[in-house]
Amino acid sequence: MTDDKVKRRLTTVLCADVHGYSRLMEADETGTLETLRRYRISFAGLVERHDGRIVNTWGDAIIAEFASVVEAVQCAVEIQQEISNQDSDPPRAHPMRFRIGINLGDVMVDGTDIYGDGVNIASRLQELADPGGVVISSSVYDQVHNKLSVGFDCLGQRPLKNIAPLTSYRLTLGGRTAGPGSFPSEESPTLRETARPPRIGRHEPSSSTNVVSDWLAKLPRPVAAALTVSAFLILINLFTNAHRIWFHWPVAVLLFGALLRMALRHRPESDSKGER
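Residues numbered from 1 in each chain as written. Predicted model: local features only at pLDDT ≥ 70, side-chain atom pairs only at ≥ 80, totals over all residues. Heavy atoms only, no water.

Topic: the pattern of salt bridges
If the charged atoms of two oppositely charged side chains come close together, the side chains can form a pair.
Here is step 1: In this structure the tally under the stated criterion is seven salt bridges.
Here is step 2: Note that Glu65 is salt-bridged to Arg53, the shortest N-O span being 2.7 Å. Highlighted residues: Glu65 in strand S3 (residues 61-66) and Arg53 in strand S2 (residues 52-56), separated in sequence by 12 residues.
Here is step 3: The exposure class assigned to Glu65 is buried, which follows from its relative accessible area of 7%.
Here is step 4: When its relative accessible area of 27% is taken as the criterion, Arg53 is described as partly exposed.
Here is step 5: Its salt-bridge partner being Asp153, residue Arg170 comes within 3.9 Å of it at the nearest N-O pair. Separated by 17 residues along the polypeptide, Arg170 in strand S8 (residues 163-173) and Asp153 in strand S7 (residues 151-160) bring together distant segments of the chain.
Here is step 6: Arg170 gets classed as partly exposed once you look at its relative accessible area, which sits at 24%. (Salt bridge = Lys/Arg side-chain N within 4 Å of Asp/Glu carboxyl O. Helix = DSSP H or I, 4+ residues; strand = E, 2+ residues; numbered from the N terminus. Buried < 20%, exposed > 50% of the residue type's maximum accessible area, 1.4 Å probe, protein only.)

Printed below as a string of structure tokens:
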């Protein structure tokens, strides 16, 4: 009798896909295919180095499996770093970026191919990743979060096509997302703002000036204006003819006018209340 029982195994599945592949093909078919072939060679070398194997490479997608979860995540990080380095030397007008998803799960085995939810989840996680980024499932996170020198941002439970929502994590390197921000080709706006040099030639007002300004701001406008003009007249008197004091008369007139103006301003309100 033939044993038709489906073979299964627990494995770590890495799924990678080119972001915007159709757009890249439309812009440059020949160049895109050459770049994809070159990156597949890099993929194969890194996967083999981490004791994994390439399962399939249909279209622009690459599926690999690993016996070790840690090796799978390390391989994904090195893949993104390698691609970023190749894109930046020399810089390309249309860089090719991969999104990577990693899942630890049960798969069905058919010869050299693997199938099942373990593969499908890795594929859906890849769709959540940023271009140049890596997203892992909670099952992968549980195995690697305290074994690797990378950070993790919890994405919560995201709805996945034809799959029940599950918790996923985005890899970060050195405080940055494991994506374009981790391997930047140009300085980010946040860094540009932080690194902006201080302006030269501007002097902050002294503390005494601030105290006087705050005190004047609390006074009624007519009184503040009268005091300001009065101070100006006093300075003129002292610097032009300190032996003959004359500022007291104009200052008295200014202060009297300010007080009279304030009294008249409040008079209509009190009169109207009396008429009621």
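Once you've had a look at it, read on.
Remarks on the nonpolar core
Here is step 1: With 37 residues, the main nonpolar core has Phe98, Ile100, Ile102, Ile136, Val140 and Val144 as its most contacted residues.
Here is step 2: In terms of residue count, the dominant contributor to this core is helix H3 (residues 69-88) (nine residues).
Here is step 3: Core analysis: the second largest hydrophobic core is formed by nine residues, Cys15, Val55, Ile63 and Ala122 among them. (Core = buried A, V, L, I, M, F, W, Y, C linked by side-chain atoms within 4.5 Å.)

Focus on helix H4 (residues 117-128)
Here is step 1: Taking 1.5 Å of rise per residue, 12 residues should cover 16 Å, and H4 covers 17 Å from first to last C-alpha, within 8% of that figure.
Here is step 2: Those residues of H4 lying buried are Gly118, Val119, Ile121, Ala122, Arg124, Leu125 and Gln126. (Expected span 1.5 Å × (residues − 1).)

Observations regarding helix H2 (residues 29-49)
Here is step 1: With 21 residues, H2 ought to run about 30 Å at 1.5 Å a step, and its terminal C-alpha atoms sit 30 Å apart, in line with that.
Here is step 2: Those residues of H2 that sit buried are Gly31, Thr32, Thr35, Leu36, Tyr39, Ser42, Phe43, Leu46 and Val47. Each buried residue of H2 lies within a common arc of 130° when the element is viewed along its axis, so the set occupies one face. With respect to the buried face of H2, the exposed residues turned more than 90 degrees away are Thr30, Arg37, Ile41 and Glu48.
Here is step 3: Between the side-chain oxygen of the N-cap and the backbone nitrogen of Gly31 there are 3.0 Å, and the N-cap of H2 in question is Asp28. (Arc of directions from axis to C-beta. Polar contact = N/O pair within 3.5 Å; in protein donor to acceptor, adjacent residues only side chain to side chain.)

Digging into the confidence of the model for the protein chain
Residues shown with low pLDDT carry predicted positions that ought not to be read at fine detail.
Here is step 1: Per-chain confidence: the protein chain averages 79 in pLDDT, with 75% of residues scoring 70 or above.
Here is step 2: Here helix H6 (residues 189-194) stands out as the element of the protein chain with the lowest mean pLDDT, 34, in contrast to strand S6 (residues 134-137), whose mean of 96 is the highest.
Here is step 3: Note that pLDDT drops below 50 for residues 179-206; the model gives that stretch 22 contacts with residues more than four away or on any other chain.
Here is step 4: Overall, residues 272-276 carries pLDDT values under 50, and its contacts beyond four positions in sequence, including any with other chains, amount to zero contacts. (pLDDT = per-residue confidence, 0-100. Contact = heavy atoms within 4.5 Å.)

Description of a nonpolar patch on the surface
Here is step 1: Together, Leu235, Leu238, Phe239 and Ile245 make up an exposed nonpolar region whose accessible area comes to about 440 Å².
Here is step 2: Along the chain, the position of Ile245 falls in the loop between helix H8 (221-240) and helix H9 (248-275).
Here is step 3: Here Ile245 falls in the partly exposed class, since its relative accessible area comes to 43%. (Patch = residues over 30% accessible without salt bridge, like charges linked within 9 Å, V, L, I, M, F, W, Y side chains within 5 Å. Areas by Shrake-Rupley, 256 points an atom, 1.4 Å probe, with all protein chains shown as cover.)

Regarding the pairing of S3
The side chains of a regular strand alternate, residue by residue, between the two faces of the sheet.
Here is step 1: S3 sits mainly inside the fold: six of its six residues count as buried.
Here is step 2: Every second residue of S3 is oriented toward a common face, with Ala61, Ile63 and Glu65 on one face and Ile62, Ala64 and Phe66 on the other, all of them buried.
Here is step 3: Bridge count for strand S1 (residues 7-18) against S3 is six bridges, and the pairing is antiparallel. Among the inter-strand pairings, Asp17 is bridged to a residue of S3, identified as Ala61.
Here is step 4: Pairing geometry for S2 and S3, over four bridges, is antiparallel. By the bridge assignment for S3, Gly52 is matched with Phe66. (Pairing = 2+ DSSP bridges.)

So, the packing of aromatic side chains
Here a ring pair, both rings aromatic, is described through the centre-centre distance and the interplanar angle of the planes.
Here is step 1: If you walk through the whole model with that rule in mind, you get four aromatic pairs.
Here is step 2: A ring pair is formed by Tyr39 and Phe98, whose centres lie 6.1 Å apart and whose planes are at 70°; its orientation type is edge-to-face. Residue Tyr39 is located in helix H2, and its partner Phe98 is located in strand S4 (residues 98-110); the two are separated by 59 residues in the primary sequence.
Here is step 3: Judged by relative accessible area, which is 0%, Tyr39 ranks as buried.
Here is step 4: In this structure Phe98 comes out as buried when scored by relative accessible area, which is 0%.
Here is step 5: On the basis of an interplanar angle of 85° and a centroid distance of 5.2 Å, the ring pair of Tyr141 and Phe152 is categorised as edge-to-face. With Tyr141 in helix H5 (residues 138-144) and Phe152 in strand S7, the pair connects residues that are 11 residues apart, well separated along the chain. (Phe/Tyr/Trp six-rings, centres within 6.5 Å; stacked < 30°, edge-to-face > 60°.)

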